[in-house]
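# Remarks on the overall topology
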Amino acid sequence: MPHLPLFLFSYRTCTKLLKMGGAVSAGEDNDELIDNLKEAQYIRTELVEQAFRAIDRADYYLEEFKDNAYKDLAWKHGNIHLSAPCIYSEVMEALDLQPGLSFLNLGSGTGYLSSMVGLILGPFGVNHGVELHSDVIEYAKQKLDFFIKTSDSFDKFEFCEPSFVTGNCLEISPDCTQYDRVYCGAGVQKEHEDYMKNLLKVGGILVMPLEEKLTKITRTGPSAWETKKILAVSFAPLIQPNHADSGKSRLVHLPPVAVRSLQDLARIAIRGTIKKIIHQETMSKNGNGLKNPPRFKRRRVRRRRMETIVFLDKEVFASRISNPSDDNNNCEEFEDERREEEETKPSELKPDPPVNFLREKVLSLPLPDPLKYYLLYYREK
């Protein structure tokens, strides 16, 4: 078999990585994965970074697959599916989310993306999802309940809790409300493009895989649109409605936009006031924020050589893409790392476990216990 130019292997490998994930290095934990996404410019704004750090991706994996949670790869098991982190970060950035907006997630799956979006939308947003498989809806509800009850991040935000309905997203009732932001997590054919656009309010943004490209469409007027191709992707196509059983369409009715009760509004206001007091106290203790909190050194990650296997017709060609100086560089990096660890070991301390100041403050208030736990959303910790 003739040898092909090296640039051809690099190009094909990179194209495959963009489609399936693998665009950034794996992390040892959620924070390190986010660091890698930031470094590669997939995460570019503070709001998106905060949402990604607040929700641990591993919490949305089945227990036996959690070892792969911090790799930049898609994951699928039965009907459960998660896109690669680099795809979700591009989607979150393209949606340009702001507090108080309405969001519709078509193919909401595990609820991982909807929950991150909910952290940005805040208590006065709208957060709806449509999912074809009822078992996935149940899985998403379990994960949402786990996040609300146990996550240390929950009290750092005012959350727009997602609501999920079962059905085919191509059968949404025509009298449904329109949304500020819409995302579709399955490949959209050209024939359904107008259907998706009509779900948007004027000024709204739609992000979806359209003809093998992750595409951002902004509705600039009643009949005016701006389209931007973001990157090449490979998504499973939307499943077409099946009317073989009844011969009739099964319309999907989205949840109504609920008006919050006065009791709920009071809880939001009280929690917000307590957070402001905590922030002011922290600023005062730190000298108006001039003192920097202690930083803890992250483990340095050495670059590894990449093995590439290319399938060409019926033959396989394997190539190792490496620089002749890689081995020397690795030795030098290892020596630098060892020296740096020796220099910093005496003064390096482990960080203290995080303190939930909001919870402590609420529990110290002179209020009846039922009211305290209501303010804490009946969270277990």
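Description of the structure in this document. (Residues numbered from 1 in each chain as written. Predicted model: local features only at pLDDT ≥ 70, side-chain atom pairs only at ≥ 80, totals over all residues. Heavy atoms only, no water.)

### So, the overall build of the chain
- Summing up its helical and strand segments, the chain has 11 helices and 11 strands in all.
- Counting over 381 residues, the chain shows a buried share of 41%.
- When contacts within the chain are restricted to residue pairs at least 6 apart in sequence, long-range pairs at least 24 apart make up 63% of them.
- Accessible surface, the chain: about 22100 Å² in total, of which carbon and sulfur atoms supply 53%. (Helix = DSSP H or I, 4+ residues; strand = E, 2+ residues; numbered from the N terminus. Buried < 20%, exposed > 50% of the residue type's maximum accessible area, 1.4 Å probe, protein only. Contact = heavy atoms within 4.5 Å. Areas by Shrake-Rupley, 256 points an atom, 1.4 Å probe, with all protein chains shown as cover.)

### Observations regarding the nonpolar core
- Ranked by internal contacts, the top residues of the largest apolar core, which has 55 residues, are Phe52 and Met92.
- The set of elements that each furnish at least two residues to this core consists of α2 (30-39), α3 (46-54), β2 (80-82), α4 (85-95), α5 (112-121), α6 (134-150) and β7 (200-210).
- In this structure, methionine 92 is in contact with Val48, Ala51, Phe52, Leu97, Leu113, Met116, Val117 and Ile120, ignoring residues within four places of it in sequence.
- Leu106, Val188, Leu206 and Leu238 belong to the second-largest nonpolar core, a separate cluster that totals 23 residues. (Core = buried A, V, L, I, M, F, W, Y, C linked by side-chain atoms within 4.5 Å.)

### A closer look at the sheet that holds strand β5 (residues 163-166)
- Reading across from one edge, β5-β4-β3-β6-β7-β8-β9 is the order of the 7 strands in this open sheet, with mixed pairing throughout. Strands at the two margins of the open sheet, each flanked by one partner only, are β5 and β9 (224-232). Strand-to-strand twist of the sheet, defined as the mean angle between neighbouring strand axes without regard to direction, takes the value 15 degrees.
- Sheet topology places strand β8 (residues 213-221) next to β9; 8 bridges connect them, and they run antiparallel. Note that in β9 the partner of leucine 214 across the bridge is leucine 231.
- Its contacts with the sheet put α4 on β3 (102-106), β6 (179-184), β7, β8 and β9, and the angle it makes with β7 is roughly 160 degrees.
- Its contacts with the sheet place α5 against β3, β4 (126-131), β5 and β6, and it is angled at close to 175 degrees to β3. (Pairing = 2+ DSSP bridges. Axes fitted to C-alpha atoms, helices over the stretch in contact; angles between N-to-C directions.)

### Section: the pairing of β6
- Burial of β6 is extensive: 6 of the 6 residues sit out of reach of the surface.
- Both β3 and β6 contribute to a ladder of 4 bridges, which runs parallel. Bridged to leucine 106 within β6 is cysteine 184.
- Two strands pair when backbone bridges link them, and β6 and β7 are joined in this way by 4 bridges, in the parallel orientation. Looking at β7, one finds that tyrosine 179 is bridged to leucine 200.

### Some thoughts on the pairing of β5
- Bridge count for β4 against β5 is 4 bridges, and the pairing is parallel. Note that in β5 the partner of glutamate 131 across the bridge is threonine 166.
- In this fold, β4 hands off to α6, which returns the chain to β5; that crossover is right-handed. (Right-handed = clockwise from strand over helix to strand, strands pointing away.)

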